[in-house]
Amino acid sequence: MQIADRPYYLAVIVILLFSAVAAGAADQTVVLKAARMFDGKSKSLIPNGVVLVQGDKIVDVGSTVTIPSDAKVIDLGDMTLSPGFMDAHTHLTLDFTGNFNERRLKELQTNVSEMTLMAISYARATLEAGFTTVRDLGSRFVGSPEFVDVALRNAINHGITPGPHMLVATKGIGATGGHFDATGGYRDKLFGREPDPSEGIADGPDEIRKAVRFEVKNGANVIKAAVSGGVLSLADEVDTPQFTPAEMAALVDESHRLRKKVAVHCHGDQAAREAIEVGVDSIEHGSFMKTETLQLMKTKATYLVPTLMATEYILSKIDSYPPALQAKARAAGAARSEMFRNAVKMGVKIALGTDAGVFPHGDNAKEFALMVGLGMRPIDALRSGTSNDADLLGIGQAVGTLEKGKRADIVAMPGDPTADITATERISFVMKDGKIIRNGPATPRTAAVRDDDIDLPVD
Ligand SMILES: [Zn+2]
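Throughout what follows, the structure given in this document is the object of discussion.

What counts and how
Residues numbered from 1 in each chain as written. Predicted model: local features only at pLDDT ≥ 70, side-chain atom pairs only at ≥ 80, totals over all residues. Heavy atoms only, no water. Helix = DSSP H or I, 4+ residues; strand = E, 2+ residues; numbered from the N terminus. Contact = heavy atoms within 4.5 Å. Buried < 20%, exposed > 50% of the residue type's maximum accessible area, 1.4 Å probe, protein only. Arc of directions from axis to C-beta. Polar contact = N/O pair within 3.5 Å; in protein donor to acceptor, adjacent residues only side chain to side chain. Donors = N, O, S within 2.8 Å, 3.2 Å for Na, K, Ca; no water.

Relative to the elements of secondary structure, glutamate 274 occurs in helix H7 (residues 269-277). Separated by 146 residues in sequence, glutamate 274 and aspartate 420 have C-alpha atoms that sit 38 Å apart. Look past the residues within four positions of glutamate 274 in its chain and what remains in contact with it is Phe243, Pro245 and Met248.

Before going further, it helps to examine helix H2 (residues 100-109). A turn of α-helix holds 3.6 residues, and therefore any two residues three or four places apart point the same way. If you check which residues of H2 are buried, you get Phe100, Arg103, Arg104 and Glu107. Projection of H2 onto a plane perpendicular to its axis shows the buried side chains occupying an angular sector of 100°, all on one side. Pointing more than 90 degrees away from the buried face of H2 are the exposed residues Glu102 and Gln109. Buried residues in H2 make contact with helix H3 (112-128) and helix H10 (323-346). Its side-chain oxygen 3.1 Å from the backbone nitrogen of asparagine 101, asparagine 99 forms the N-cap of H2.

Moving on, we come to the environment of lysine 171. Along the chain, the position of lysine 171 falls in the loop between strand S8 (165-168) and helix H5 (205-217). Taking relative accessible area as the criterion, lysine 171 reaches 3% and is therefore assigned buried. Sequence-distant contacts of lysine 171, defined by excluding residues within four places in its chain, comprise Ser139, Arg140, Ser144, Pro145, Glu146, Phe147, Ser198, Glu199, Gly200, Glu215 and Lys224.

Time to look at the coordination of the zinc ion. Taken together, His89 (NE2), His91 (NE2) and Asp355 (OD) make up the protein donors of the zinc ion, found 2.1 to 2.2 Å from the metal. If you list the donors of the zinc ion from N- to C-terminus, the spacing comes out as H-x1-H-x263-D. Here the residue histidine 91 occupies a position in the loop between strand S6 (85-90) and H2, and aspartate 355 occupies one in the loop between H10 and helix H11 (366-373), the gap between them amounting to 264 residues. We note that histidine 91, like aspartate 355, is buried.

In structure tokens form, the structure reads like this:
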């Protein structure tokens, strides 16, 4: 080394030292304290919860944790700490609330870019409600090829806009004329042609494989398909099968070969049985499932994602839907309570998922009280919205519990949620990736996220 180079090397060393100090400062330990803690897996709450966070990770957790002298302590008082809530069934890019036909017309009138901007407020409302991770199961705009869910996920990951961690499905895969055929209920060829596998509409095993490959190519983390009819679709019956067993087998085989899990929209019993037989990872809704089908689910360790909020919301606003949909909603609503009670009694694996978008985004936590109202123990409902969801989503090694090494996605709610599960609806502290999103009141919801507070009778 020549002497003339020395100042240069010294400067580099000084800069490196300063960066190290700066990195150290950014990673100051933050200590969260509260009267109670739900760790995501235990069968009861832990008194005097303490969680140590450094950077984006939990570094220690328990009741008797040594607190470093230079740590920043946030004492939340009479609250309960919990892993960030998870929702295994959202539609963060969509809003189906309000009058069904008005919404349908609005979808045709609104530029997809404008709908994307609205999705930003849906994502923020969801995160501020305590949901730090969602599995977003379907984003489609009739006659339009955009992947808004992929864009939203990426924007959130890059810190451009606040929102939960998202696993996205892109377009739901379904049969011609089925629940996901967005041209159903319109005049034939109104959109110029029939939808194809690039829009999720696929018939026959080969087309289904093509649809799965196309979605993975475009950024899907998970595959969603409709194997039976649905409530909010005009051209089908709610419980009829919409894929053959051979089509479902191709769907599952292709998805699993590409290491993607498969979530299927399914109300009908026959379609559910056939889907469980071929190895889907979760049944969404499952309204009409009989005891034998639930037994098969238990044997095959298939998850149920009940989405009780969706039927509850639709039934509470039943006059806003066309008569044909009213009949489907009433039938599904009447069947699903008994199905859910049976599933709980039989010990079927249940992961919390709401169908947010069918009701206003940010009201997701009301699902907890609905599950408890239908026979689930509060602590199990909490597990269902944290560690069970993490297991179903395949990310249990990173999130879902308050444990050393896990990502610091943490929320706090007032009082004791096992005594009053509606505490989950009053989240007042949200941390995501070690960053405080909220410590106090939420951002007032924008006009795009309407908070038409619904009365939720539990039958
Ligand atoms: Zn849905």
